[in-house]
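Observations on chain architecture
Here are the chains, one letter per residue:
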Amino acid sequence: MTLTEKILARAAGKTRVQAGDNVWVKADVLMTHDVCGPGTIGVFKREFGKDAKVWDRNKVVIIPDHYIFTSDSKSNRNVDILRDFVREQNIPYFYDVIDDPNGHWVFDPSKGKLQRQYGSNYAGVCHTALPAKGHTRPGEILFGTDSHTCMAGAFNEFATGIGNTDAGFVLGTGKLLLKVPETMHFQLEGGLQPGVMAKDIILHCIGEIGFDGATYRAMQFDGQGVANLTMDDRMTIANMAIEAGGKNGIFEFDSQTQAYVDYRCKLNGTKNSYEPIARDKDEKFVYEITVNLSKLEPTVACHPDPGQRKLARELGHIQLDRAYIGSCTGGKTSDFLEFARVLRGKRVTIDTFGVPATPEIVHDLQTTRWGQETVWEILVRTGVQMTENAGCAACLGGPVDTFGRMNSPMKCISATNRNFPGRMGHKESQVFLASPMTVAASALTGKITDPREYLSSSENPKSG
Ligand code: SF4
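The text that follows walks through the structure, step by step, so that each part is easy to find. As the structure is a computational prediction, the values presented were derived from the model and not from experiment. (Residues numbered from 1 in each chain as written. Predicted model: local features only at pLDDT ≥ 70, side-chain atom pairs only at ≥ 80, totals over all residues. Heavy atoms only, no water.)

1. Points about the overall build of the protein chain
Scanning the protein chain for helices and strands turns up 13 helices and 20 strands. Here the protein chain, with 464 residues, has 60% of them falling under the buried criterion. Partitioning the intrachain contacts of the protein chain with sequence separation of at least 6 by distance along the chain shows that 76% fall at a separation of at least 24. Accessible area of the protein chain: about 17,500 Å², with a carbon and sulfur share of 48%. Across the protein chain, the 52 positively charged side chains and the 54 negatively charged ones have centroids separated by 1 Å. (Helix = DSSP H or I, 4+ residues; strand = E, 2+ residues; numbered from the N terminus. Buried < 20%, exposed > 50% of the residue type's maximum accessible area, 1.4 Å probe, protein only. Contact = heavy atoms within 4.5 Å. Areas by Shrake-Rupley, 256 points an atom, 1.4 Å probe, with all protein chains shown as cover. Lys, Arg positive; Asp, Glu negative; His and termini not counted. Charge placed at Lys NZ, Arg CZ, Asp CG, Glu CD.)

Shown next as structure tokens:
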């Protein structure tokens, strides 16, 4: 069996499953957020009764992150619905925007869009917050009401996005009927060259198979090259399995996985026992490819879908209006460090927005020094508009007052994960997906630019 089949077999209480089987699997964690949470709660109450209790309050994780820092009252109301539900159900893992369990978030104009407008429990973008808060464990089943839930496959678990109806059912029963997906095999060999990032790996892979090339399939990433990838890198890759239509993305378990998971579970006091899944000798794949990481170059997915692969060096004719770094995929500390490596000591020439995925990442950037300055100060000095209000922001457009949203037709290069028409705001805008380094180099020139032209320093910043 493949990694995915082995996890699903275990969660179904069977010794074997194969692609195409329909099996009932037990959920280890159900995550929801402010966009889909209210709908999920509505389904749960309608089907199980208004006084029903969730199947296991310790396995439900609720993370408001999408439409948070906005004056839009309907968006604010969504977070209030989550807060009411958490109080009613006594759910421990709720990462509220505010500290008062009976309060309401209100935009504070004196702080504007750049200064922090959240309390001490807020966790930021759900997929980045889940591992950081100790909710991702090898061998487990994670369901989330968001398509990029597949990011947690980086941790050797089966993680997939589900709709509100399925999530309402999981809330009530703790299980779900799943068809076992076929598995596609991406064997990674070698290591990345300077200026090339994990984002380039996944953009390359999606370019190979097209934006629907993995529809309802597992994408398994393994091989000797995985050892050269950090957990952040693996998260970037697994996150975008859905951009090829994948049911899930999954990595092997190794000492890096163990160190990350053990540290985060201990730090947060979450469940710290788990059983990783190892590879079998008799795996059956529906597709196989070997990717030599050392041969990859900075890659871009052009408008209008993530499968429109080109090399950054081929796209110097595309003039840009905007650059954006952020999201679960591209807003991690390591992403901002590589972004800063290209920008340091220079000045952006187009509007450039920076949105860290979580408050913890804001803290990292504000305490990690590079020479005399913090990484945050370096980015602000180069002209990047950095907000402390970690969250999804303009990654999926959002209400018109969302930080970084494109409210008119523009061309934007972005470290995010999705570029279908209208994704970041105006429906005639165009989004070009790229690595944080390629976004940085393009922000300097105002056109799509290969970041290898701007790599001067191999010096590294120091954590505060
Ligand atoms: S950052 Fe973007 S892709 Fe990630 S959860 Fe938010 S909207 Fe979705």
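There's more to say after this.
2. Things to note about helix α5 (residues 164–173)
By the burial criterion, the buried members of α5 are A167, G168, V170 and L171. Projection of α5 onto a plane perpendicular to its axis shows the buried side chains occupying an angular sector of 160°, all on one side. Elements in contact with the buried residues of α5: β2 (29–32), α2 (37–48), β3 (60–62), α3 (73–89), β5 (141–144) and β7 (175–179). Phi turns positive one or two residues past the end of α5, at G174, with a value near 75°. (Arc of directions from axis to C-beta.)

3. Here we look at the sheet that holds strand β8 (residues 182–189)
Overall, parallel pairing links the four strands, which are arranged β10-β9-β8-β11 in an open sheet. Only two strands of the sheet have a single partner each, and these edge strands are β10 (248–251) and β11 (287–292). Within this sheet the neighbouring strands show an average axis-to-axis angle of 20°, counted without direction. As paired elements, β8 and strand β9 (residues 217–222) share six bridges and run parallel to each other. What sits directly across from T183, in β9, is A218. On the sheet, helix α6 (residues 198–209) packs against β8, β9 and β11 and is oriented at approximately 140° with respect to β11. (Pairing = 2+ DSSP bridges. Axes fitted to C-alpha atoms, helices over the stretch in contact; angles between N-to-C directions.)

4. Describing the packing of aromatic side chains
Evaluation of the coordinates by the stated rule reveals 17 aromatic pairs. Linked through ring pairs, W24, F44, F48, F85 and F169 together constitute an aromatic cluster. It is K175 that lies over the ring of W24; its NZ or CZ is 5.7 Å from the centre. (Phe/Tyr/Trp six-rings, centres within 6.5 Å; stacked < 30°, edge-to-face > 60°. Lys NZ or Arg CZ within 6 Å of the ring centre and 35° of its normal.)

5. What to know about the site of the ligand
Lining the immediate surroundings of the ligand are H66, V125, H127, D146, H148, S327, C328, C392, C395, L396, N417 and R423. Its residues assigned to classes, the shell around the ligand shows five nonpolar, five polar and two charged. (Near = heavy atom within 4 Å. Nonpolar A, V, L, I, M, F, W, Y, C, P; charged D, E, K, R; others polar.)

6. A few points about the packing of α6 against helix α7 (residues 231–239)
Their axes nearest at 8 Å, the elements α6 and α7 cross at an angle of 25°. Judged by the inter-axis angle, α6 sits roughly parallel to α7. The hand of the α6/α7 crossing is right-handed. Taken together, the residues of α7 that come into contact with α6 (itself represented by A198, K199, I201 and I202) are D233, T236 and I237. Taken together, the residues of the contact of α6 with α7 sort by class into four nonpolar, one polar and two charged. (Parallel < 35°, antiparallel > 145°, perpendicular 65-115°, else oblique. Left-handed = near helix turned anticlockwise from the far one by under 90°.)

7. Quick word on the pattern of salt bridges
Under the counting rule described, the total for this entry stands at 25 salt bridges. Salt-bridge contacts for E338 lead to R341; the nearest nitrogen and oxygen are separated by 2.9 Å. On the criterion of helical spacing, the pair formed by E338 and R341 is a turn pair, its members being three residues apart in helix α10 (residues 333–343). You can call R341 buried: its relative accessible area is 12%. Between E373 and R381 there is a salt bridge, with its nearest N and O atoms 2.6 Å apart. Residues joined in a network through salt bridges with shared partners are E297, R313, D450 and R452. (Salt bridge = Lys/Arg side-chain N within 4 Å of Asp/Glu carboxyl O.)

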